[in-house]
Amino acid sequence: MDRLVAMETYVSVVEAGSFSAAARRLDLGQPAVSKTIAQLEAWLGTRLLLRSTRGLATTDAGQRFYEHAKRAIEEALEAEQAVRDTSAGLTGRLRVSAAVTFARLHVLPAMKTFLAEHPKLDVDVILDDRNIDLLEEGIDVALRMGALDDSTTMTARRIAQCPRYVVGTPSYFAAAGLPATPADLSRHEAIIYTVRGGGQSWAFSRDGTEVAIAVSGRLRVSAAEGMRAAVLAGMGIAVASEWMFAPELANGTVQAVLADWRLPPIDLWAVFPAGRLVTSKARAFVAFVEQLMSAPRG
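From a predicted model like this one, the values you see are computed outputs, not experimental measurements.

Thresholds, definitions, all that
- Residues numbered from 1 in each chain as written.
- Predicted model: local features only at pLDDT ≥ 70, side-chain atom pairs only at ≥ 80, totals over all residues.
- Heavy atoms only, no water.
- Core = buried A, V, L, I, M, F, W, Y, C linked by side-chain atoms within 4.5 Å.
- Buried < 20%, exposed > 50% of the residue type's maximum accessible area, 1.4 Å probe, protein only.
- Helix = DSSP H or I, 4+ residues; strand = E, 2+ residues; numbered from the N terminus.
- Contact = heavy atoms within 4.5 Å.
- Phe/Tyr/Trp six-rings, centres within 6.5 Å; stacked < 30°, edge-to-face > 60°.
- Pairing = 2+ DSSP bridges.
- Axes fitted to C-alpha atoms, helices over the stretch in contact; angles between N-to-C directions.

### Observations regarding the nonpolar core
Counting residues in hydrophobic clusters, the biggest one holds 29 residues, and the most contacted among them are Leu143, Leu268 and Phe285. Counting only elements with at least two residues in this core, the list comes to strand E3 (92–98), helix H5 (100–107), helix H6 (111–117), strand E4 (121–127), strand E5 (141–145), strand E6 (154–162), strand E14 (266–273) and helix H11 (280–294). The leading source of residues in this core is H11, at six residues. Once residues lying within four places of it in the same chain are set aside, the contact partners of Leu143 are Ser97, Ala98, Ala99, Phe102, Val107, Ile159, Leu268, Trp269, Phe285 and Val289.

### A word on the packing of aromatic side chains
Throughout the structure, instances matching the rule amount to five aromatic pairs. Ring centres of Phe114 and Phe285 lie 5.4 Å apart, and the angle between their planes is 80 degrees; this geometry places the pair in the edge-to-face category. Of this pair, Phe114 sits in helix H6 while Phe285 sits in helix H11, and the two are 171 residues apart along the sequence. For the pair Phe114 and Phe285, a shared accessibility class is recorded, and that class is buried. Here the aromatic residues Phe114, Phe285 and Phe288 are joined through ring pairs into a cluster of three or more.

### Some remarks on unusual backbone geometry
Although it is not a glycine, Asp27 adopts a positive phi angle of roughly 60 degrees. Along the polypeptide, Asp27 turns up in the loop between helix H2 (19–26) and helix H3 (30–44). In this structure, Asp207 is a non-glycine residue whose phi angle is positive, near 50 degrees. Position of Asp207 among the secondary structure elements: in the loop between strand E9 (201–206) and strand E10 (209–214).

### What about the sheet that holds strand E7 (residues 164–168)?
Across the sheet, which stays open at both edges, the three strands sit in the order E12-E7-E13 with antiparallel pairing between neighbours. Of all the strands in the sheet, just strand E12 (238–241) and strand E13 (255–257) have a single pairing partner and so form its edges. Going from strand to strand, the sheet's axes swing by 55 degrees on average, the running direction of each strand aside. Bridging between E7 and E13 involves three bridges; their strand directions are antiparallel. Note that in E13 the partner of Gly168 across the bridge is Gln255.

Below you can see the structure in the form of structure tokens.
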């Protein structure tokens with residue numbers, strides 16, 4: 001019995017939910033799948049699956065074996081891919097998902113360097129402020145910001161963190177006045193960002209003191225590009241990451257206020273679809289972005 005093949009067969013049976021479905025997935029006959037599982041159980045000396053008219057269920061030992069077997073298969077595939085990548089370099093197609101503004105300001109300008117480092121690699125960048133389904137869209141890695149959903153369909157690693165500020169144009173503050181305290185913001189026109197991390201309640205902290213300020217404004221936007229455009233047009237103030245207004249904060253087109261008060265920072269995550277091997281292509285891209293975002297600005 002080939003133990004790796006047997007483990008692959010067992011993992012397929014557990015994930016497919018039946019011998020027949022696993023046989024179709026593996027392009028084998030059902031008797032061959034049943035025989036492999038029986039041999040595996042005999043070799044291990046324990047029952048892995050409970051069979052009933054309602055289907056299959058793992059025993060406690062079967063569930064533990066499934067988790068270890070799946071990890072062993074992934075590591076074997078990763079070792080194989082690593083050897084291929086070493087000999088041939090990164091090849092094929094990488095599909096990346098990222099928010100529109102973040103990608104436009106930070107990722108896309110650096111893609112020339114990444115592509116030059118990997119001349120046999122093609123990259124699809126899917127720009128969308130929404131959290132799209134990674135498995136459904138065939139995404140290898142997504143760059144997401146802020147709090148993540150508690151989901152079993154993805155795994156994530158934080159790769160960078162950025163402060164957030166209250167921002168506006170000098171012309172806006174010249175007309176409306178500079179806020180001296182968070183409470184002053186209630187008298188300003190706020191541009192309300194309606195997606196995750198936005199809203200009308202802005203939380204500040206300083207020296208152990210925390211305050212939440214309810215702001216109001218006539219304009220609500222559902223994409224970061226819209227918030228940028230409204231701020232740059234002098235229509236009001238907004239809470240935004242330093243990443244979102246990096247060029248304008250550097251050249252003075254936009255200014256941050258209430259510098260002695262701290263807003264919760266925002267995290268940048270590399271998100272991978274669960275249940276799929278993280279490819280060398282995806283790891284290389286994440287390492288590139290991580291290095292890019294840690295580089296000094298200026």
